[in-house]
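Residues per chain are reported as follows:
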Amino acid sequence: MSRPLDCVLVADFSRVLAGPLAGATLADLGATVIKVERPGAGDDTRHWGPPWTQNSSSYFECANRSKQSVELDLADEDDRGLALELARRADVILENFKDGALARRGLSYEQVAAVNPGVVYASITGFGSREGRNLPGYDFLVQAVGGLMSITGDPEHPMKAGVALVDVLTAKDTVVGVLAALRARDATGVGQRVEVNLLSSLLGSLANQASAYLATGTSPGRMGNQHPSIAPYEALAAKDGHLAVCCGNDGQFRRLVTALGTATLIDDPRYATNASRVANRDSLVTVLEEHLTLDTVDAWIERLTAVGVPAGAVGSIADAFDLAQRLGLEPTVEVGPDTPRQVRNPITFSATPITTYAAPPRLGEHNDNVRRWLTEENHA
């Protein structure tokens, strides 16, 4: 059965995470993705370990499955010619080079579009193509200057997210932009440049926190696991650990306190509405934890879930995969006999399912095939 992007050719000139992850997503969706790598070294993340795999590093492999790898030295005239031919044929180009680096090699958007007007050319930068074009774009740096660390952690300790979240969000924005541009090309026959930058992707993902600032002029602060606008909506201590409790409305709160044996709180004016609970959060948490610490996390999860109160244990990544498996979500997939299982693409399709995954390529694994294809076709 065909996949959504069958017959789409992607030339992936990107490195590290945001661009490669976008390329891997397009490959999951059926695109043929040719990853252009530096001879002898390849993508930086091939060397980012431990942990290591038989191929390279688990970091590299999380963002490069189902691709073909070809080594091309863009400073070499012959290799540069092959890169230009690849760009001429591509439906999509992904790149995150420093400003002007590809233009010096004849691979800027304007240069490629002159010979391939239908190309969708996706450029990923740290801070855009204007005043910030020369600033280095690193996920941790953007988490810091982009405000994410100012709302993550406890009041005394700013913290980054536990994953390169900005890169991941930027990759998803890149895929959205590429798909929209391909749809526009279907209608017009003409491609376009798609620009995505880490800072804008982060700002766009701050959602209610960004909206709160724009509405009030005051920057939100760090509240640990608490929610700025809802209570109780946080991790609460039980007898043997912490329990994530999410009361998004008054009905859920009433069911929570009834299950805890504290139904008198329903009529307490300090807790009668969400706004009053937010204003009196500290005293509310004290009362709730006095009762939650009388029993275990598992016991409370069973009791609260039964009455419709969202609750769950604060678990590990292993716990998360176990949960997804128990829920029938099939969270992992096989990608090759010598490659660790990987996370399944989270999207499911009723008519064009993702059924095939291939192992991340060894450096230059497809050199001969790709070079022959580019050369033979070029001479035809």
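The present account deals with the structure reproduced in this document.

Criteria and cut-off values
Residues numbered from 1 in each chain as written. Predicted model: local features only at pLDDT ≥ 70, side-chain atom pairs only at ≥ 80, totals over all residues. Heavy atoms only, no water. Axes fitted to C-alpha atoms, helices over the stretch in contact; angles between N-to-C directions. Helix = DSSP H or I, 4+ residues; strand = E, 2+ residues; numbered from the N terminus. Parallel < 35°, antiparallel > 145°, perpendicular 65-115°, else oblique. Left-handed = near helix turned anticlockwise from the far one by under 90°. Contact = heavy atoms within 4.5 Å. Nonpolar A, V, L, I, M, F, W, Y, C, P; charged D, E, K, R; others polar. Salt bridge = Lys/Arg side-chain N within 4 Å of Asp/Glu carboxyl O. Buried < 20%, exposed > 50% of the residue type's maximum accessible area, 1.4 Å probe, protein only. Core = buried A, V, L, I, M, F, W, Y, C linked by side-chain atoms within 4.5 Å. Pairing = 2+ DSSP bridges.

What follows covers the packing of helix H1 (residues 18-28) against helix H6 (residues 165-188). The N-to-C vectors of H1 and H6 enclose an angle of 50°; their axes lie 8 Å apart at closest approach. As judged from the angle between their axes, H1 and H6 are oblique. Once H1 is placed against H6, the crossing between them reads as right-handed. Contacts between H1 and H6 involve Ala18, Leu21, Ala22, Thr25 and Leu26 on the former and, on the latter, Asp167, Val168, Thr170, Ala171, Thr174, Val175, Val178 and Leu179. Grouping the amino acids of the contact of H1 with H6 by side-chain chemistry returns 9 nonpolar, 3 polar and 1 charged.

The next point concerns the environment of Phe127. In this fold, Phe127 is placed in the loop between strand S5 (120-125) and helix H5 (139-145). Along the primary structure Phe127 and Pro158 are separated by 31 residues, whereas in three dimensions their C-alpha atoms are 22 Å apart. Not counting chain neighbours up to four residues away, the residues in contact with Phe127 comprise Gly132, Leu135, Pro136, Gly137, Leu141, Val142, Val145, Asn197 and Leu199.

Moving on, we come to the pattern of salt bridges. Applying the stated criterion across every chain yields a total of 16 salt bridges. Between Arg38 and Asp44 there is a salt bridge, with the nearest N and O atoms lying 2.5 Å from each other. When the shortest N-O distance is used, the salt bridge between Arg341 and Glu334 registers 2.9 Å. Given a relative accessible area of 45%, Arg341 falls into the partly exposed group.

Counting residues in each nonpolar core, the largest one holds 28 residues, and the members touching the most others are Val10, Leu26, Val92, Leu94 and Val178. The set of elements that each furnish at least two residues to this core consists of H1, strand S4 (92-95), S5, H6 and strand S8 (192-197). It is H6 that contributes the most residues to this core, 5 residues altogether. Once residues within four sequence positions are removed from consideration, Leu26 is found in contact with Leu5, Val10, Ala31, Leu94, Val175, Val178 and Leu179. Leu74, Leu82, Ala83 and Ala90 belong to the second-largest nonpolar core, a separate cluster that totals 23 residues.

The next thing to look at is the sheet that holds strand S10 (residues 242-246). Strand order in the open sheet formed by 3 strands is S9-S10-S11, with antiparallel pairing between adjacent strands. Taken across any chain shown, the strands that pair with only one partner, and hence form the sheet edges, are strand S9 (233-237) and strand S11 (311-313). For this sheet, the mean angle separating the axes of adjacent strands, direction not counted, is 25°. Across 5 bridges, S9 lies against S10 in antiparallel orientation. Pairing of Glu234 across the sheet is with Val245, part of S10.

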